[in-house]
Amino acid sequence: MALQSRSEPINRLAFWDETVHGLFEANLGEAVVLVFLRLSEQWPAQRSVDDLIAIGRAGRDIGRNTGSRVAHALLAELSKILSRLAGAGELTVVLDALRRLSEEGPESVGLAINRLEQLLAHASAEDFAAWVSAGLRASGGRAARQRAYFALDDALSKRLFALGRTSDDLARLEKRLAATTVALWGRRPRFRKLPMATTSAPQRTSLAAGLIGLPESFAGFEGDRADTIYLAAVAHAGAHLIHSTVRFPVGRLKALQLALVSLIEDARVEALALREMPGLRRLWLPFHVAARSDQATAVGLMTRLSRALIDPDYQDSDAWVVKGRTLFAAASERWTDPSISREIGGLLGNDIGQMRLQFNPKSYVVEPAYRDDNLALWDFGDLPDAETETIELAVDSVRIERREDADGRSADDSAKPEETLRARASAVTNLDGLPVATYPEWDYAAGIERADWTTILEADAGASAKPFDLPADTDAMRRVTRLTRDASIGRRLRHKAQRDGDALDIDAAIALTVERRSGYLSEPRVYQRDAPGPRDLAVLLLMDLSQSTADRDRSGRTVLDVECKAAAIMTAAVEAANDAIAVHGFNSDGRERVRYLHIKGFDEPIDMVVRSRLAGLGSSRSTRLGPALRHAGSYLTGRRAFRRVLLVLTDGEPSDVDVPDPRYLAEDARRAVQQLRRRGIDIFAFGMGGDRLAQLDRIFGERYALHVPRIEVLPQRVMQLYAELKK
């Protein structure tokens, strides 16, 4: 055998022999042993036998968890990629990652092994290990999602492993895009990065609440073409912001009619923009590449019509395209009226129906690629129970995620169909709020910060019919108010040239001496006095609204009830001291659904509306603290204040449904606290309860984590916070 002719120490050969026996004893079959023997015969002379032994042992361990077929695939695949794992320890890193996957997700090991050559062509061994770790975390134990991830069918999986595009074009171009929008439309835009798509459908720009949502990259566009499509996209979005002045009611329109009305509206706003800035045609026109075809399809005709409405040189003999172009041109005097889009789109939709052309709303994507998803054009409102077609436009930024239960089946696979297929948009039915921001998350095990890993869904807190009653404990209110007024927070002002004071004003004393020697007599104002300046404090109170806050004490009070009482006391006291305070709340259901509620804004008084929101709060879901801290910090960072304070009320340590490691979220929250403190934000936390707060001191620091063993004393501990602020 080839190994016997090498000058390897005899004990290495003994270990190799032990490895072969281990494969036999694992009962993995003759084929596994034979493939290992063939690998041994072909083993490169420049590589240590230790690596060969490590491969055999990994095959044995992984085979025990997954079976002989996966073990055979592993040994066969590793023989193809050995040259790519030449660095010190690289092979060990890959094998350890596969071992972990075989233990925590054995059904996915074969998927990862079959793509190992493809994966390692794009990344290092350390990247591969981090990718495996991320997949196990992201799947949250859900079998179907885990399989999609390790089969590279999941968009997040591709992105994390740097398959395809590796750069974030939006981050690179954001300043240029903002300047372009200001120059073209006189609007200062607010951009947000869209969450990664969960399907293979291409992403499109999305407009919502004055925000322009953009994907971090457009698939298939690189280099200069990537720059151009972003410029085209924001120019088109700006045209909508200026010229799409009304939202169309959906009514009884079918999905095809909605798509056609949106297409005409896209053409209308672009035509108006071209009247003012004809040069925009050179930006938009290269993306219109549809051409005449003998085979007529609904989507094909729509893309050809899009080109016909912007390209005067394009000729199309199809009667439907000609009709659309003619109707649009005839309405040129009314282009400023959005209703023409509804009229023309409705007529063209009827013609498509007469032609019996198929239109699949589930696979439809707006073309060309620079145009937005058009959902902002529509008012879905309260629709009548009419039998209309369900809208399923392929826009992942607003799609409600299908959740799988423990056995990997979709939770709605067995659900009864709706009695009325009413037109609806998942963006409207999503009661958790709109996605407004993504934040990174720190993976302490991998030692990396995963960019845009969590998504904030923001909404105003729902109001209750009966407002929250302000606490009747007037003594506590009075004590808190006294502390807030006495706390020396803010700039101190130095008053000079005073009749009396704490110290001598040297400048005033010199000036008085000069005057007297010159023969002038003036009032002796030679003292200076320091006094508190205008109070300049901004406080954001962040309330934990997770399910555990529904726990009751011996008196029957829930943690949430006491949180609301403390919030009311603090808000009234801080407002009495003429400082700014906001009250927000949060809970979570996985990293993509961190719910963030506005209860009271900095500029809102604690009036009937705010107290109704307090009364309407409920306890549900989990506690993903890190992204909530980062989002709260973004509000405080935007406040102009001498001192900015973030105060967290929580009854437990961070946890979430997709994170089995209890330390993971605590370490991420600790990193968020450190980052915010470096930005000048003071952070304190009240931890309620005694048995679930082991990590609280580590997250916030011992001086800043105030433990409340009994929830009824929380309002009194609020006063301790202000005692701390006086220091």
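Residues numbered from 1 in each chain as written. Predicted model: local features only at pLDDT ≥ 70, side-chain atom pairs only at ≥ 80, totals over all residues. Heavy atoms only, no water.

A. Molecular detail of the overall build of the protein. Check the secondary structure of the protein and you find 26 helices and 16 strands. With 727 residues in all, the protein has 51% of them scored as buried. Sequence separation of 24 or more characterises 72% of the internal contacts of the protein that already satisfy a separation of 6 or more. Summed over its atoms, the accessible surface of the protein is roughly 34,000 Å², and 49% of this surface lies on carbon and sulfur atoms. (Helix = DSSP H or I, 4+ residues; strand = E, 2+ residues; numbered from the N terminus. Buried < 20%, exposed > 50% of the residue type's maximum accessible area, 1.4 Å probe, protein only. Contact = heavy atoms within 4.5 Å. Areas by Shrake-Rupley, 256 points an atom, 1.4 Å probe, with all protein chains shown as cover.)

B. Structural context of helix α22 (residues 608-615). For α22, the set of buried residues is V610, R611, S612, R613 and L614. Those residues of α22 that are buried are in contact with β11 (537-544), α21 (559-576) and β13 (594-600). One side-chain oxygen of the residue at the start of α22 lies 3.2 Å from the amide nitrogen of V609, identifying that residue as D607. (Polar contact = N/O pair within 3.5 Å; in protein donor to acceptor, adjacent residues only side chain to side chain.)

C. A look at the side chain of R204. Examined against the element boundaries, R204 turns out to sit in the loop between β1 (190-193) and β2 (206-208). Here the side chain of R204 touches V366 through a polar contact of 2.7 Å, landing on its backbone oxygen. Only 3.0 Å separates the side chain of R204 from the side chain of E367, close enough to count as a polar contact. Excluding anything up to four places from it in sequence, R204 contacts L194, P215, V365, V366, E367, P368, A369, R371, D372 and D373.

D. Summary view of the sheet that holds strand β3 (residues 211-214). In spatial order, the strands read β1-β3-β2; together these three strands make up an open sheet with mixed pairing. Either end of the sheet is taken by a strand with one partner, and the two such strands are β1 and β2. Mean inter-strand twist for the sheet, computed between neighbouring axes without regard to direction, equals 30°. Pairing between β1 and β3: four bridges, direction parallel. By the bridge assignment for β3, K193 is matched with L214. Where helix α12 (residues 224-243) meets the sheet, its contacts fall on β1, β2 and β3, and the angle it forms with β3 comes to roughly 150°. (Pairing = 2+ DSSP bridges. Axes fitted to C-alpha atoms, helices over the stretch in contact; angles between N-to-C directions.)

E. Local environment of the sheet that holds strand β16 (residues 705-708). Taken together, the eight strands give an open sheet; going across it, the order is β6-β7-β13-β12-β11-β14-β15-β16, and neighbouring strands pair in mixed fashion. The sheet terminates laterally at β6 (434-443) and β16, the two strands that pair on one side only. Ignoring strand direction, the axes of neighbouring strands in this sheet form an average angle of 25°. Of the strands in this sheet, β11, β12 (580-588), β13, β14 (643-650) and β15 (681-688) touch α21, which is tilted by about 170° from β11.

F. View of the pattern of salt bridges. Within the structure shown, the criterion is met by 30 salt bridges. With a closest N to O distance of 3.1 Å, R145 and E592 form a salt bridge. Here the residue R145 occupies a position in helix α9 (residues 143-150), and E592 occupies one in the loop between β12 and β13, the gap between them amounting to 447 residues. Residue R145 is classed as buried on the basis of its relative accessible area, which comes to 15%. Taking the relative accessible area as the measure of exposure, E592 reaches 24% and is therefore partly exposed. Ionic pairing is found between D227 and R176, a salt bridge with its closest N-O pair at 3.6 Å. A residue pair is termed long-range when its members are at least 10 positions apart, and D227 in helix α12 and R176 in helix α11 (residues 169-185) qualify at 51 residues. (Salt bridge = Lys/Arg side-chain N within 4 Å of Asp/Glu carboxyl O.)

G. Seen up close, helix α2 (residues 30-41). The end-to-end C-alpha separation of α2 is 17 Å, in line with the 16 Å expected for 12 residues at 1.5 Å each. Listed in full, the buried residues belonging to α2 are V32, V33, V35, F36, L39 and S40. For α2, the angular spread of buried residues about the axis comes to 165°, placing them on one side. Summarising the geometry of α2, the exposed residues directed more than 90 degrees from the buried face are E30 and E41. (Expected span 1.5 Å × (residues − 1). Arc of directions from axis to C-beta.)

H. Quick peek at the environment of A376. With respect to the helices and strands, A376 occurs in the loop between α17 (339-354) and β5 (378-379). When near neighbours in sequence (up to four residues on either side) are disregarded, A376 contacts L207 and R247.

I. The pairing of β6, seen in detail. In terms of residue burial, β6 counts as a mostly covered element, since seven of its 10 residues are buried. Pairing between β6 and strand β7 (residues 448-460): eight bridges, direction antiparallel. Considered in β7, the bridge of E441 is made with R450.

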